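# Structure assessment
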Amino acid sequence: MKPTLVILAAGMASRYGSMKQTQSFGPSGETIMDYSIYDAISAGFEKVVFIIREDFADNFKAIFEPKLAGKIETAYVYQSLASFTEGRQIPADRVKPWGTAHAVLCCKNAVDGPFAVINADDFYGKDSFAKAYGFLTTGYNDRLMAVIGYELPNTLSENGTVSRGVIGVNDQNEMVGITERLKISRKDGVMVDDDNGTFTELPEDTKVSMNFFCFGPPYIQMCEVEFQQFLDKNMGNPKAEFLIPTMADTFIKSGRGAIKLIPTSAKWFGVTYKEDAPVVQASIDALVASGEYPKSLWGQ
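Our subject in this report is the structure included herewith. (Residues numbered from 1 in each chain as written. Predicted model: local features only at pLDDT ≥ 70, side-chain atom pairs only at ≥ 80, totals over all residues. Heavy atoms only, no water.)

### Here we look at the overall build of the chain
Convention followed: Helix numbering and strand numbering both begin at the N terminus, where a helix is a DSSP run of H or I of at least 4 residues and a strand a DSSP run of E of at least 2. Here the globule rule reads 2.2 Å times residues to the power 0.38, and the radius of gyration is calculated from C-alpha atoms. Residues are treated as being in contact if the distance between any of their heavy atoms lies within 4.5 Å. All accessible areas in this document rest on Shrake-Rupley with a 1.4 Å probe, and a residue is counted as covered only by the protein chains that are shown.
Per the secondary structure count, the chain includes seven helices and 13 strands. For the chain, whose C-alpha radius of gyration is 19 Å, the value lies close to the compact-globule estimate of 19 Å for 300 residues. By its C-alpha atoms, the chain is 50 × 50 × 45 Å across when sized along the principal axes. When contacts within the chain are restricted to residue pairs at least 6 apart in sequence, those whose partners lie at least 24 apart make up 75%. As displayed, the chain offers around 13,200 Å² of accessible surface, 48% of which is attributable to carbon and sulfur atoms.

Put into structure tokens, the structure is as follows:
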């Protein structure tokens with residue numbers, strides 16, 4: 001069964017301040033998502049599922065449908081606060097979505113086989129898609145999932161600290177957990193995490209998750225069960241989130257299976273802060289100038 005690409009595009013971009021999922025960065029108006037989809041098609045993916053909010057569905061489809069028609073199958077899933085809440089009363093002060101694992105749960109009826117899941121506003125690089133497709137077609141089974149592991153130096157921002165999930169692995173190169181480091185930066189040539197004034201040095205070969213995972217239906221089935229327990233505990237907390245890394249950890253520690261670390265040397269970049277936008281644009285311009293991508297991805 002051909003794997004599917006799932007793109008998380010329902011976030012609210014609270015730190016960024018605008019709808020960065022559809023912002024143009026490429027020389028012909030391409031979004032970051034366009035490059036991910038282009039790389040996914042090159043790797044072999046034939047279907048993409050967009051997880052979006054229904055209130056901007058028309059605008060979103062108007063941007064992507066014309067250029068993707070005939071190139072890759074598209075499907076849309078709407079993430080709403082009511083999805084999979086089993087009739088519970090949503091608190092009035094709950095505004096933001098329930099989180100990335102809830103978004104994946106929302107695609108339950110749109111995905112029936114192995115899939116890769118990525119963020120809409122992150123540039124992942126060709127190598128990561130090629131490796132993800134290779135794993136999903138030759139290495140995946142219902143008890144073996146995967147995470148694409150980025151080299152931490154390739155994921156830092158020049159415009160502030162970053163939050164990264166540091167991947168811990170065992171001797172079999174399987175993930176044993178993800179430790180959230182919330183304020184990583186480079187100081188005096190050394191990468192450190194600032195935990196309220198306590199600095200932890202991070203090795204140069206540290207591997208981090210950028211929310212690029214390779215999953216299958218068992219992961220979604222687990223999320224459906226675990227989400228109900230999450231709601232029972234967190235319904236009154238407006239900031240609680242049901243997250244992919246947390247559920248990846250649950251997948252491992254509940255004995256459901258293992259998650260393989262697949263390293264990539266690809267350079268990641270994204271738009272966490274407004275100040276990141278010119279850097280992203282310059283990075284894409286450089287990739288186009290070097291011939292890695294055409295000036296117009298879709299030939300329009």
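Back to the write-up after that little detour.
### Focus on the layout of surface pockets
Our working definition: For each structure, a 1 Å grid was placed over the protein atoms alone; sets of points admitting a 1.4 Å probe that cannot get out are labelled cavities, open sets with protein on both sides within 12 Å along at least five of seven lines are labelled pockets, and lining residues have an atom within 4 Å of a point. Grid points are joined across faces, edges and corners, and a volume is the space filled by probe spheres set on the points. Throughout this entry, Asp, Glu, Lys and Arg are counted as charged residues, while Ala, Val, Leu, Ile, Met, Phe, Trp, Tyr, Cys and Pro are counted as nonpolar. The remaining residues, Gly among them, count as polar.
Volume-wise, the second largest pocket comes out at about 200 Å³. Elements that contribute at least two residues to the lining of the second largest pocket include exactly β13 (269-270) and α7 (276-289). Ranked by residues supplied to the lining of the second largest pocket, first place goes to α7 with four residues. A breakdown of the residues in the lining of the second largest pocket according to their chemical character gives five nonpolar, five polar and three charged.

### What about the side chain of Asp122?
In plain terms, the rule: Residue exposure (1.4 Å probe, protein chains only): buried if accessible area is under 20% of the type maximum, exposed if over 50%, otherwise partly exposed. Counting of polar contacts relies on pairs of N or O atoms within 3.5 Å, with two restrictions inside protein: one atom must be capable of donating a hydrogen and the other of accepting it, and residues adjacent in sequence are counted only when both atoms are side-chain atoms.
On the secondary structure map, Asp122 appears in strand β5 (residues 122-123). By relative accessible area, Asp122 is classed as buried at 8%. A polar atom in the side chain of Asp122 sits 2.9 Å from the side chain of Asn119. Polar side-chain contacts of Asp122 include one of 3.3 Å to the side chain of Tyr124.

### Focus: α7
What counts here: The length a helix should cover is 1.5 Å for every residue beyond the first. Relevant arc is that of directions from the helix axis to the C-beta atoms, nothing else.
In this model α7 runs 20 Å from its N-terminal to its C-terminal C-alpha over 14 residues, within 8% of the 20 Å that 1.5 Å per residue would give. Within α7 the residues assigned to the buried category are Asp276, Ala277, Val280, Ile284, Leu287 and Val288. Down the axis, α7 shows its buried residues gathered within 115 degrees of arc, on one side only. The exposed residues of α7 that point more than 90 degrees off its buried face are Pro278 and Ala289. The elements touched by buried residues of α7 are α1 (32-43), β5 and β13.

### Considering the pairing of strand β9 (residues 190-195)
So the rule is basically this: Being paired, for any two strands, means DSSP has found at least two bridges between them.
Pairing of strand β8 (residues 175-187) with β9, which is carried by four bridges, proceeds in the antiparallel orientation. Looking at β9, one finds that Lys187 is bridged to Val190. Connecting the antiparallel pair β8 and β9 is a turn made up of two residues, with Asp188 showing a positive phi of about 55 degrees. Pairing geometry for β9 and strand β10 (residues 198-201), over four bridges, is antiparallel. For Asp193, the partnering residue across the bridge sits in β10 and is Thr200.

### What to know about helix α5 (residues 217-234)
Our working definition: Fitting one axis to the seven residues ending at a residue and another to the seven starting there, the bend at that residue is the angle between the two axes.
With 18 residues, α5 ought to run about 26 Å at 1.5 Å a step, and its terminal C-alpha atoms sit 25 Å apart, in line with that. Taking the largest bend as the criterion, α5 deviates by roughly 25 degrees, centred on Glu226. Among all positions of α5, only Pro218, Tyr219, Ile220, Met222, Cys223, Glu226, Phe227, Gln228, Phe230, Leu231 and Asn234 are buried. Those residues of α5 that are buried are in contact with α3 (100-106), β4 (115-119), β6 (144-151), β11 (207-215) and α6 (244-253).

### Quick notes on the packing of aromatic side chains
The following threshold applies: Between the rings of Phe, Tyr and Trp (Trp by its six-membered ring), a pair exists once the centres lie within 6.5 Å; its type follows the angle of the planes, with under 30 degrees stacked, over 60 edge-to-face, and the other angles tilted. Counted as over-ring charges are cases with an Arg CZ or a Lys NZ within 6 Å of the ring centre that also lie within 35 degrees of the ring normal.
For the structure shown, the criterion picks out 25 aromatic pairs. Here the aromatic rings of Phe56 and Phe60 are separated by 6.1 Å at their centres, their planes lie at 45 degrees, and the arrangement is tilted. Each member of the pair, Phe56 as well as Phe60, carries the same accessibility label: buried. Relative to Phe242, the ring of Phe227 has its centre 5.1 Å away and its plane inclined at 55 degrees; by these criteria the two rings are tilted. In this pair, Phe227 is assigned in helix α5 and Phe242 in the loop between α5 and α6, connecting sequence segments 15 residues apart. Take Phe227 and Phe242: they sit in the same class, and that class is buried. Lying across the ring of Tyr76, Lys61 places its NZ or CZ 4.8 Å from the centre. When the ring centre of Trp268 is taken as reference, the NZ or CZ atom of Arg164 above it lies at 4.6 Å.

As far as function goes, none of this settles anything; it's purely spatial.
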